[in-house]
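Residues per chain, in single letters:
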Amino acid sequence: MALPRLPLNALRAFEATARLRSMSAAASELGVTHGAISRHIRMLESQYGLALLRRLAKSVEPTPAGAQLAAKLGEAFEMMHLGVSQLTPGPLTLSCSATIMMYWLIPRLGTFKRANPELEIRLNVNYGEVDFVRDEISIAIRNSMFRSPEDVVIKTLTPEEIGPICHPDYVARAGLNTPDDLTGAHILSTATRPTAWQEWAAAVGRQDICLETHENYDHFYLVIQAAACGLGVAVAPRLLVENEIRSGHLAAPFGFAEGPHTLNLWIAPHMRARPEVRKVAEWIQSEMALSAQGGPEVVPA
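No experiment lies behind these values; they were computed from the predicted model shown.

**Topic: the overall build of the chain**
Line of reasoning, step 1. Across its full length, the chain holds 10 helices and 10 strands.
Line of reasoning, step 2. Relative to its full complement of 301 residues, the chain shows a buried share of 42%.
Line of reasoning, step 3. In the chain, the share of contacts with a sequence separation of at least 24, taken over all contacts with a separation of at least 6, comes to 74%.
Line of reasoning, step 4. For the chain, the accessible area works out to roughly 16200 Å², and carbon and sulfur atoms hold 55% of it.
Line of reasoning, step 5. Here the chain contributes 27 positive and 31 negative side-chain charges, whose respective centroids are spaced 15 Å apart.

**Quick look at the pattern of salt bridges**
Note on pairing: side chains with opposite charge can pair once their charged atoms come close.
Line of reasoning, step 1. Summed over all chains, the structure comprises 18 salt bridges.
Line of reasoning, step 2. Arg122 is the partner of Glu136 in a salt bridge, and the nearest nitrogen-oxygen pair spans 3.6 Å. Residue Glu136 is found in the loop between β4 (121-125) and β5 (139-143), and its partner Arg122 is found in strand β4; the two are separated by 14 residues along the sequence.
Line of reasoning, step 3. Connected through salt bridges with shared partners, the residues Arg108, Glu161, Arg238, Glu242 and Glu287 form a single ionic network.

**Re the sheet that holds strand β9 (residues 234-237)**
Line of reasoning, step 1. With mixed pairing, 6 strands are arranged side by side in an open sheet as β4-β3-β5-β10-β6-β9. Looking at the sheet topology across the chains shown, the edges are occupied by β4 and β9. Shown here is a sheet whose adjacent strand axes are inclined to one another by a mean of 25 degrees, direction ignored.
Line of reasoning, step 2. Both strand β6 (residues 153-165) and β9 contribute to a ladder of 4 bridges, which runs antiparallel. Within the sheet, the bridge partner assigned to Pro164 lies in β9 and is Val235.

**What to know about the packing of helix α5 (residues 98-115) against helix α10 (residues 275-292)**
Line of reasoning, step 1. In the contact formed by α5 and α10, the axes pass within 12 Å of each other and the chain directions differ by 120 degrees. The angle between α5 and α10 falls in the class oblique. Once α5 is placed against α10, the crossing between them reads as right-handed. From α5, Trp104, Leu105, Arg108, Leu109 and Phe112 reach across to α10, where they touch Lys279, Val280, Trp283, Ile284, Glu287, Met288 and Ser291.
Line of reasoning, step 2. Partitioned by chemical class, the residues of the contact of α5 with α10 number 8 nonpolar, 1 polar and 3 charged.

**Digging into the packing of aromatic side chains**
Line of reasoning, step 1. As enumerated under the stated definition, the model contains 3 aromatic pairs in all.
Line of reasoning, step 2. A ring pair is formed by Trp197 and Trp200, whose centres lie 5.9 Å apart and whose planes are at 90 degrees; its orientation type is edge-to-face. One end of the pair, Trp197, and the other, Trp200, are both in helix α7 (residues 196-203), 3 residues apart, so they sit about a helical turn from each other. Here Trp197 and Trp200 have matching classes, each one buried.
Line of reasoning, step 3. Across from the ring centre of Phe77, 4.5 Å away, lies the NZ or CZ of Arg12, which sits over that ring.

**What to know about helix α1 (residues 8-20)**
In an α-helix there are 3.6 residues to a turn, and that puts residues three or four apart on one side.
Line of reasoning, step 1. With 13 residues, α1 should reach 18 Å at 1.5 Å per residue; the first-to-last C-alpha distance of 18 Å fits that figure.
Line of reasoning, step 2. Those residues of α1 not exposed but buried are Ala10, Leu11, Ala13, Phe14, Glu15, Ala16, Thr17 and Ala18.
Line of reasoning, step 3. At its buried positions, α1 is contacted by α2 (23-30), α3 (34-48), β1 (53-55), β2 (60-62) and α4 (64-85).
Line of reasoning, step 4. Positive backbone phi, at 60 degrees, marks Arg21, one or two positions downstream of α1.

**Focus on α2**
Line of reasoning, step 1. Taken residue by residue, α2 has Met23, Ala26 and Ala27 as its buried positions. For α2, the angular spread of the buried residues around the axis is 100 degrees, confining them to a single face.
Line of reasoning, step 2. Looking at the buried residues of α2, the elements they touch are α1, α3, β1 and β2.
Line of reasoning, step 3. Looking at where α2 begins, the residue whose side-chain oxygen comes 3.3 Å from the main-chain nitrogen of Ser24 is Ser22.
Line of reasoning, step 4. Once α2 ends, the next one or two residues include Gly31, with phi positive near 70 degrees.

**As for the packing of α5 against helix α9 (residues 238-246)**
Line of reasoning, step 1. At a minimum axis separation of 9 Å, α5 and α9 run at an interaxial angle of 65 degrees. Considering the relative orientation of α5 and α9, their crossing is left-handed. On α9, the residues that touch Thr99, Ile100, Tyr103, Trp104 and Arg108 of α5 are Leu239, Leu240, Glu242 and Glu244.
Line of reasoning, step 2. Residues belonging to the contact of α5 with α9 are distributed by class as follows: 5 nonpolar, 1 polar and 3 charged.

**Description of a nonpolar patch on the surface**
Line of reasoning, step 1. A cluster of nonpolar side chains, contributed by Leu6, Leu8, Tyr48 and Leu50, occupies part of the molecular surface with about 400 Å² of accessible area.
Line of reasoning, step 2. One can find Leu8 in helix α1.

Thresholds, definitions, all that
- Residues numbered from 1 in each chain as written.
- Predicted model: local features only at pLDDT ≥ 70, side-chain atom pairs only at ≥ 80, totals over all residues.
- Heavy atoms only, no water.
- Helix = DSSP H or I, 4+ residues; strand = E, 2+ residues; numbered from the N terminus.
- Buried < 20%, exposed > 50% of the residue type's maximum accessible area, 1.4 Å probe, protein only.
- Contact = heavy atoms within 4.5 Å.
- Areas by Shrake-Rupley, 256 points an atom, 1.4 Å probe, with all protein chains shown as cover.
- Lys, Arg positive; Asp, Glu negative; His and termini not counted.
- Charge placed at Lys NZ, Arg CZ, Asp CG, Glu CD.
- Salt bridge = Lys/Arg side-chain N within 4 Å of Asp/Glu carboxyl O.
- Pairing = 2+ DSSP bridges.
- Axes fitted to C-alpha atoms, helices over the stretch in contact; angles between N-to-C directions.
- Parallel < 35°, antiparallel > 145°, perpendicular 65-115°, else oblique.
- Left-handed = near helix turned anticlockwise from the far one by under 90°.
- Nonpolar A, V, L, I, M, F, W, Y, C, P; charged D, E, K, R; others polar.
- Phe/Tyr/Trp six-rings, centres within 6.5 Å; stacked < 30°, edge-to-face > 60°.
- Lys NZ or Arg CZ within 6 Å of the ring centre and 35° of its normal.
- Expected span 1.5 Å × (residues − 1).
- Arc of directions from axis to C-beta.
- Polar contact = N/O pair within 3.5 Å; in protein donor to acceptor, adjacent residues only side chain to side chain.
- Patch = residues over 30% accessible without salt bridge, like charges linked within 9 Å, V, L, I, M, F, W, Y side chains within 5 Å.

The following block contains the structure:
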């Protein structure tokens, strides 16, 4: 059987009046008018058929029934305040793939932490769909190939540019002068992006190139490392390999082209108003914009 709804505003007005022995003082504490307090108490007395207060010349005092009710309400409101005070927000949790974390986020994170030492960030390695409540995630960086949860705040970070990558020595060794030369190269792929080569071929208008995978790796960061070690040619987003290309560990013999996906920022709907969440989100957007513009090489501190 459902319990009757309690008139919480009226009960709060009565408890404050009984405790302060004054309707004016109660009105001041609760930020309402004297008339509102008076109406709330009259409504309670009418609803329960009891006199709860004695109106004196310059004050009020609770009746025996009113004193009993006021004592119980005081305990109840104190418990409510205690419960709310114990809702301490946990650390801000940022979720992204291991590859983005290794090649993009962590090299930049030290600078952000030094500028914001009071802000605790917990990292979560994941690249697929996310349950913000169950997984206690505040912000997630996700590729648009994954479906976002309902009500999530989505901010587009950057279109994804993709292209073949390999060790600089491999370019000459395999004779990679034109995209057609890829048919004679050792092709590397990753299980997390099985259509990467087809997406690149479509992006450059060369769907006629048929490439057979020779080695398949479980994760993006593994296939990037394999390419950097001269084991063959892989397809990767420019965002993840730009530092390695600048430093000479990798080469992009045919450059990069805009692929079918974008990189997005997902913000948990219940976290959107937290100042620290807004600060981290704005920082990620700013850093991603710099990366999209070909910003300077980031060297981990």
